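Topology and contacts: notes
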Amino acid sequence: VKKIVVKVGTSTLTKADGTLNEEFIKSLVVQICELKRRGYDVVLVSSGAVGAGMGRMKFKEKPCNISQKQALAAVGQVSLMHLYEYIFWAYSSGIAQLLLTRGDFSDRKRYLNVRNVCNQLLSWGIVPIINENDPVVADELKVGDNDTLSALVAGLIDADLVIILSDIDGLYDKNPNEFKDAKLINLVQNIDKSILKMAGGEGSKFGTGGMATKLTAAKMANKIGANLIIANGKDSNVLLKILDEIVIGTLFV
Ligand code: ADP
């Protein structure tokens, strides 16, 4: 493994009240910097902009109004990057922001352009932090969720591994919030109908995709030859454990 895409979901980045979980973000940054020290190239796909905007603007609930949601994403994206920049620099690492959308992957010229920029940043030792450009694109022109975006990014940089950090230990055989006897699945070698059935609808209050989009991402990543792991972001040193080949989460090969 040389190139890694790490995706963190809203439910992991924000606290129950919707504000950013700074302690978690710090531990994430420390781990990414350690991976860089070990010679890995890391791209971070980070959600959390709407959540951060809600915290900043003192919204208690995600608004239904689309313009309000997009405006919150615009406010929150700045808070989010401000925090990343502050913490990454404390560990002597630079970051860059790439706000992408579907057209950046479907238009060949744009695709090649983004790929060159991404590779240039990695060769400088900079950690690209990627999010969908939510404030400026309409729904039908979006990738739509950051799980899928992380798989597209994996294709872009020819990654070996995608790590999806969520608020749950991995894929369970049924929704663990509804069924107490749900069992964690450690390895998936074929994402067939029985696996897809396990991923119900939407996930947590602040998350967007739930398990379904994570399975879509796993399928896409596997297709381009990258492994994908879903693991719990709250597990201490989760990224280092994964690269030390300690068995946690759900691995899709
Ligand atoms: P994120 O913000 O990290 O993308 P989501 O909240 O969108 O996370 O998705 C994770 C959630 O999906 C879990 O917290 C859980 O409630 C839900 N879920 C539904 N079905 C399953 C399943 N079979 N295994 C694990 N989680 C599931």
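Look above for the structure.
Given the structure is predicted, the values throughout are model-derived calculations rather than measurements.

Now for the overall build of the protein. Within the protein, the regular secondary structure consists of 10 helices and 8 strands. The C-alpha atoms of the protein give 17 Å as radius of gyration, which agrees with the globular expectation for 253 residues (18 Å, within 12%). C-alpha atoms of the protein, sized along the principal axes, occupy 40 × 40 × 35 Å. Burial analysis of the protein (253 residues in total) assigns 53% to the buried set. For the protein, restricting intrachain contacts to residue pairs at least 6 apart in sequence, the fraction spanning at least 24 positions comes to 71%. Accessible area for the protein stands at about 12300 Å²; split by element, carbon and sulfur atoms hold 52% of it.

The subject of this paragraph is the side chain of N21. Within the secondary structure, N21 is located in the loop between α1 (10-13) and α2 (22-37). Judged by relative accessible area, N21 falls into the buried class, the value being 15%. Those residues in contact with N21, other than ones at most four positions away along the chain, are T12, L13, T14, K15 and K234.

Moving on to the packing of helix α6 (residues 108-123) against helix α7 (residues 146-157). Close contact between α6 and α7 brings their axes to 9 Å; oriented N to C, the two are set at 75°. With respect to their mutual orientation, α6 and α7 come out roughly perpendicular. Taking contact as the criterion, the partners of Y111, V114, R115, C118, N119 and L122 in α6 are, on α7, G155, L156 and I157. Considering only residue class, the contact of α6 with α7 consists of 6 nonpolar, 2 polar and 1 charged.

Before going further, it helps to examine unusual backbone geometry. One non-glycine residue with positive phi stands out, namely S92, at about 60°. Within the secondary structure, S92 is located in the loop between α4 (66-90) and β3 (95-100).

Turning next to the environment of G210. Along the polypeptide, G210 turns up in helix α9 (residues 210-223). Expressed as a C-alpha distance, the spacing of G210 and S166, which sit 44 residues apart in the sequence, is 9.4 Å.

To characterise two packed helices, one gives the angle between the axes of the helices and the distance between these axes. Running from N to C, helix α3 (residues 49-57) and α4 cross one another at 90°; their axes reach a closest spacing of 6 Å. Between α3 and α4, the angle is such that the two are roughly perpendicular. Residue-level contacts link A49, V50, A52, G53, M54, R56 and M57 of α3 to K69, L72, A73, V75, G76, Q77, S79 and L80 of α4. Its residues assigned to classes, the contact of α3 with α4 comprises 9 nonpolar, 4 polar and 2 charged.

Quick notes on the rules
- Residues numbered from 1 in each chain as written.
- Predicted model: local features only at pLDDT ≥ 70, side-chain atom pairs only at ≥ 80, totals over all residues.
- Heavy atoms only, no water.
- Helix = DSSP H or I, 4+ residues; strand = E, 2+ residues; numbered from the N terminus.
- Rg over C-alpha atoms; globule rule 2.2 N^0.38 Å.
- Buried < 20%, exposed > 50% of the residue type's maximum accessible area, 1.4 Å probe, protein only.
- Contact = heavy atoms within 4.5 Å.
- Areas by Shrake-Rupley, 256 points an atom, 1.4 Å probe, with all protein chains shown as cover.
- Axes fitted to C-alpha atoms, helices over the stretch in contact; angles between N-to-C directions.
- Parallel < 35°, antiparallel > 145°, perpendicular 65-115°, else oblique.
- Nonpolar A, V, L, I, M, F, W, Y, C, P; charged D, E, K, R; others polar.

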